Amino acid sequence: MSEHHIKKLLILRHAKAAWPLGVDDHERPLAQRGHNEAPLIGRWMVEQGHIPDFILCSSALRTRQTCTWICNELGDKAPTPMLSDGIYEASATQVLSEINQLPDTITSLLVISHMPAVQNLAMRLASVESDEESVMDMATHYPTSGLTVFEHEKSWAELDGRDAKLTRFVVRR
């Protein structure tokens, strides 16, 4: 891959959510553990230079709260997130469809969503050039705040299957 054409795709499962009685799934908040772990992922992103220029975030409360913690860590480099009802309770194909509609002016994209879509999408996109240990880790256990880092040279519209190099799978607690 030639560096000047490389795009980054970061796929994040929201931080640990609570299960309060009588609360609709869409409105479930983060648990205290989630409030503790979400900033750690944001900090890691800053330390590693994985600063997104666009964030696509599920409209569910727990993903919005995760996004807020991430953006706090990104500081003035944080883009304004785009909230999407379409990636809440979505399949990997539906999430990918939203990604496919994004403009190619975006060079680094963070998607914050839910299981099983995040894991299924990451599995679908991982090319044969991917880091084997990261693929195995992500395939066997995709915990809350799990972050998959991909690189690819395609336009967002062309991204489909086995065409993004998984470079890192990160879990911070």
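Higher on the page you've got the structure.
Residues numbered from 1 in each chain as written. Predicted model: local features only at pLDDT ≥ 70, side-chain atom pairs only at ≥ 80, totals over all residues. Heavy atoms only, no water.

Undergrad: Would you mind going over the overall build of the chain in detail, with residue names and values included?
TA: Regarding its fold elements, the chain presents 5 helices and 6 strands. For the chain, the α and β elements follow one another from N to C terminus as β-α-β-α-β-α-β-α-α-β-β. The C-alpha atoms of the chain give 15 Å as radius of gyration, which agrees with the globular expectation for 173 residues (16 Å, within 12%). Expressed along its principal axes, the backbone C-alpha trace of the chain runs to roughly 50 × 30 × 30 Å. Per-residue burial over the chain gives 51% buried out of 173 residues. (Helix = DSSP H or I, 4+ residues; strand = E, 2+ residues; numbered from the N terminus. Rg over C-alpha atoms; globule rule 2.2 N^0.38 Å. Buried < 20%, exposed > 50% of the residue type's maximum accessible area, 1.4 Å probe, protein only.)

Undergrad: Summarise the environment of Met115; cite the residues concerned and give the values.
TA: Mapped onto the elements, Met115 comes out in the loop between β4 (108-113) and α4 (117-125). With 16 residues separating them along the chain, Met115 and Asp131 place their C-alpha atoms 22 Å apart.

Undergrad: So what's going on with the state of the cysteines? Which residues, and what values?
TA: Under the criterion given, the structure shown has 0 disulfides. Of the cysteine sulfurs around Cys67, a residue in no disulfide, the closest is that of Cys71, at 4.0 Å. (Disulfide = S-S within 2.5 Å.)

Undergrad: Quick rundown of the packing of aromatic side chains? Include the residues and the values.
TA: Enumeration over the complete set of coordinates arrives at 1 aromatic pair. The ring of Trp19 carries Arg28 above its face, with NZ or CZ at 3.5 Å from the centroid. (Phe/Tyr/Trp six-rings, centres within 6.5 Å; stacked < 30°, edge-to-face > 60°. Lys NZ or Arg CZ within 6 Å of the ring centre and 35° of its normal.)

Undergrad: Outline a negative patch on the surface, listing residues and values.
TA: Side chains of Asp131, Glu132, Glu133 and Asp137 sit close together on the surface and give a patch of like negative charge. Position of Asp131 relative to the elements: it lies in the loop between α4 and α5 (132-140). Looking at Asp131, the relative accessible area reads 34%, which means it is partly exposed. (Patch = residues over 30% accessible without salt bridge, like charges linked within 9 Å, V, L, I, M, F, W, Y side chains within 5 Å. Areas by Shrake-Rupley, 256 points an atom, 1.4 Å probe, with all protein chains shown as cover. Salt bridge = Lys/Arg side-chain N within 4 Å of Asp/Glu carboxyl O. Lys, Arg positive; Asp, Glu negative; His and termini not counted. Charge placed at Lys NZ, Arg CZ, Asp CG, Glu CD.)

Undergrad: Residue-level account of the pairing of strand β1 (residues 7-13), with values.
TA: Counting buried residues along β1, 6 of its 7 residues qualify, which places the element largely inside the surrounding structure. The sheet contact formed by β1 and strand β5 (residues 147-152) spans 6 bridges and is antiparallel. Each residue of the ladder has a partner; that of Lys7, found in β5, is His152. Direction of pairing for β1 relative to β4: parallel, over a ladder of 6 bridges. Looking at β4, one finds that Leu9 is bridged to Leu109. (Pairing = 2+ DSSP bridges.)

Undergrad: Break down the side chain of Thr66 for me, citing the residues and quoting the values.
TA: Its location among the elements puts Thr66 in helix α2 (residues 61-74). Among all residues touching Thr66, those that are not within four sequence positions of it are Leu12, His14, Ala15, Leu30, Ala38 and Ile112. (Contact = heavy atoms within 4.5 Å.)

Undergrad: I'd like a description of the nonpolar core, backed by residues and values.
TA: Formed by 29 residues in total, the largest nonpolar core has its most connected members in Leu9, Ile99, Leu109, Leu125 and Phe150. Those elements that provide at least two residues to this core are β1, β2 (54-58), α3 (92-100), β4, α4, α5 and β6 (165-170). With 5 residues, α4 is the largest single contributor of residues to this core. Among residues more than four places away in sequence, those in contact with Phe150 are Lys7, Lys8, Leu9, Ile11, Ala122, Leu125, Ala126, Ala164, Lys165 and Leu166. Of all hydrophobic cores here, the second largest spans 16 residues; its members include Ile55, Leu110, Val149 and Val170. (Core = buried A, V, L, I, M, F, W, Y, C linked by side-chain atoms within 4.5 Å.)

Undergrad: Pulling in residues and values, what's your account of unusual backbone geometry?
TA: Residue Met115 is joined to Pro116 through a cis peptide bond whose omega torsion reads 0 degrees. Relative to the elements of secondary structure, Pro116 occurs in the loop between β4 and α4. A positive phi angle, near 55 degrees, is found at Glu89, a position not held by glycine. By relative accessible area, which is 63% here, Glu89 ends up exposed. Located in the positive-phi region is Ser145, a residue other than glycine, with phi close to 65 degrees. Mapped onto the secondary structure, Ser145 falls in the loop between α5 and β5. Judged by relative accessible area, Ser145 falls into the buried class, the value being 1%.

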